[in-house]
Amino acid sequence: MANEPFHATMKQTSLELKFPDQAERKNQPIAGFSTRRNGVSQTPFSSLNLGFHVPDEAKDVLKNREILAGDIERPLHQWVVGEQIHGAALAEVVSKDKGRGSTDHHDAISSVDGLYTDDQDVLLTALYADCVPLYFYAPKANRVGLAHAGWKGTTKNIAGEMINAWKQDGIKAEDIYAAIGPSIGKCCYEVDDGVVNQVNSLLLNKATLYEETSKGKYQLDLKAVNRELLLKAGVQLSHLSISSYCTSCSNLFFSHRKEEGKTGRMMAYIGLGEV
């Protein structure tokens, strides 16, 4: 994993993301993706489950979030979580939204799968167990974003929706950095004609996106689909980072597919660094 953008830390509760060519910037955002390690939840959510919406003990989920908050030094009152309905709707997060969804799923920002902010004191967060985390950073505009892209959100082009929303605010696509985080890989993600037809509707170079393995069955590369959508939206290839981690292959992560739905959730997070 020589070019892997997500790096292990001493705490082991999360992998740290560094955007390319940004190491010297003082306002490098804090960004990463949690593992399933060093939490308090019991089987089948062992151990760092961060999702309130799965049938885990709420007190354990809250404790797990407090553990991660301490490790990344961003308190829960700064966190913001979206509801995540496998769509492509976005929300701009402002100061008054701080804390929404951080200690209770019911006050998360409703009906959105993408969040972005210019606020220095906000940590954007989203939950995953195979779906694709998409991270966005515009250093010149001092803006960050985060999106949850399962196959539905991917084929609804949530990646392009984020870039287009930022363009409308005067941010050039070529000035945006993006990262594709740990998610289920082509190796482990079998889909049917219904999903592949939705992918084909995006009019991308499908030769690189999936492989038919038997009649009506395909191995789909969701990361590659999102890569092509980001490039199509104008993100420069040199500004795009892609994780090689497969959440189904690696024992670092929860996997909805591998564990047949009875599992916990990881968390992606991103927030602006100190100016």
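Use the structure listed above.
Scope of this entry: the structure provided in the associated data block. (Residues numbered from 1 in each chain as written. Predicted model: local features only at pLDDT ≥ 70, side-chain atom pairs only at ≥ 80, totals over all residues. Heavy atoms only, no water.)

## Let's talk about the overall build of the protein chain
Right, so step 1: On a plain count of helices and strands, the protein chain comes out with 5 helices and 15 strands.
Right, so step 2: On C-alpha atoms alone, the protein chain measures out to a radius of gyration of 17 Å, which is about the 19 Å that the 2.2 N^0.38 rule sets for 275 residues.
Right, so step 3: Along the longest, intermediate and shortest principal axes, the C-alpha atoms of the protein chain span 50 × 45 × 35 Å.
Right, so step 4: Long-range contacts, defined as pairs at least 24 residues apart, comprise 67% of the intrachain contacts of the protein chain with a sequence gap of at least 6.
Right, so step 5: Within the structure as shown, the protein chain displays about 11900 Å² of accessible surface, and the carbon and sulfur contribution to it stands at 47%.
Right, so step 6: Seen as two clouds, the 30 positive and the 34 negative side-chain charges of the protein chain have centres 2 Å apart. (Helix = DSSP H or I, 4+ residues; strand = E, 2+ residues; numbered from the N terminus. Rg over C-alpha atoms; globule rule 2.2 N^0.38 Å. Contact = heavy atoms within 4.5 Å. Areas by Shrake-Rupley, 256 points an atom, 1.4 Å probe, with all protein chains shown as cover. Lys, Arg positive; Asp, Glu negative; His and termini not counted. Charge placed at Lys NZ, Arg CZ, Asp CG, Glu CD.)

## A word on empty space enclosed by the protein
Right, so step 1: One pass over the full model with this rule turns up 1 cavity of 30 Å³ or more.
Right, so step 2: Looking at the largest cavity, its volume works out to about 50 Å³.
Right, so step 3: Lining the largest cavity, in full, are Gly82, Gln84, Val112, Asp113, Gly114, Leu115, Thr125, Ala126 and Leu146.
Right, so step 4: If you list the elements that add at least two residues to the lining of the largest cavity, you get β6 (114–117) and β7 (123–128).
Right, so step 5: For the lining of the largest cavity, the per-class residue count stands at 4 nonpolar, 4 polar and 1 charged. (1 Å grid on protein atoms, 1.4 Å probe; cavity = no way out; pocket = protein on both sides within 12 Å on 5 of 7 lines; lining within 4 Å. Points joined across faces, edges and corners; volume = space filled by probe spheres on them. Nonpolar A, V, L, I, M, F, W, Y, C, P; charged D, E, K, R; others polar.)

## Brief notes about the sheet that holds strand β4 (residues 79–81)
Right, so step 1: Taken together, 6 strands build an open sheet; the order of strands is β1-β2-β3-β15-β7-β4 and the sheet is mixed. Both outer strands of the open sheet, β1 (6–8) and β4, are each paired with one neighbouring strand and no more. Within the sheet, the average angular offset between the axes of one strand and its neighbour, ignoring direction, is 30°.
Right, so step 2: Across the face of the sheet, helix α1 (residues 58–72) comes into contact with β2 (14–17), β3 (30–34), β4, β7 and β15 (266–271) while running at roughly 130° to β4. (Pairing = 2+ DSSP bridges. Axes fitted to C-alpha atoms, helices over the stretch in contact; angles between N-to-C directions.)

## Digging into the nonpolar core
Right, so step 1: With 39 residues, the main nonpolar core has Leu134, Phe136, Ile163, Trp166, Leu220, Val225 and Leu230 as its most contacted residues.
Right, so step 2: Among the elements that line this core, the one with the most residues is helix α3 (residues 158–168), at 6 residues.
Right, so step 3: Aside from chain neighbours lying at most four places away, what touches Leu230 is Phe136, Ala159, Ile163, Ala178, Ile180, Val235 and Leu240.
Right, so step 4: Grouped together as the second largest cluster of nonpolar side chains are 31 residues, Phe19, Val122, Ala179 and Leu252 included. (Core = buried A, V, L, I, M, F, W, Y, C linked by side-chain atoms within 4.5 Å. Buried < 20%, exposed > 50% of the residue type's maximum accessible area, 1.4 Å probe, protein only.)

## Concerning helix α5 (residues 222–232)
An α-helical segment advances 3.6 residues per turn. Residues three or four places apart therefore align on the same side.
Right, so step 1: Of the positions making up α5, those classed as buried are Leu222, Lys223, Ala224, Val225, Asn226, Leu229 and Leu230.
Right, so step 2: For α5, the N-terminal cap is Asp221; the gap from its side-chain oxygen to the backbone nitrogen of Lys223 is 3.3 Å.
Right, so step 3: Among the residues trailing α5, Gly234 stands out with phi positive, at a value near 115°. (Polar contact = N/O pair within 3.5 Å; in protein donor to acceptor, adjacent residues only side chain to side chain.)

## What about the side chain of Glu4?
Right, so step 1: Topologically, Glu4 is positioned in the segment before β1.
Right, so step 2: For Glu4, which is buried and forms no salt bridge, the nearest opposite charge comes from Lys223, at a distance of 6.6 Å.
Right, so step 3: With residues near it in sequence (within four places) discarded, Glu4 still touches Ser243, Ser244 and Tyr245. (Salt bridge = Lys/Arg side-chain N within 4 Å of Asp/Glu carboxyl O.)

## What about the sheet that holds strand β13 (residues 217–220)?
Right, so step 1: Taken in spatial order, the 3 strands of this open sheet run β11-β13-β12, and their pairing is antiparallel. Since the sheet does not close on itself, it has two edges, and those belong to β11 (190–192) and β12 (210–214), each with one partner. Across this sheet, the average inter-strand angle for adjacent strands is 40°, counted without regard to direction.
Right, so step 2: Here 4 bridges tie β12 to β13, and the two strands are oriented antiparallel to one another. Looking at β13, one finds that Tyr210 is bridged to Leu220.
Right, so step 3: Those strands touched by helix α4 (residues 193–200) are β11, β12 and β13, and its axis lies near 85° from that of β11.

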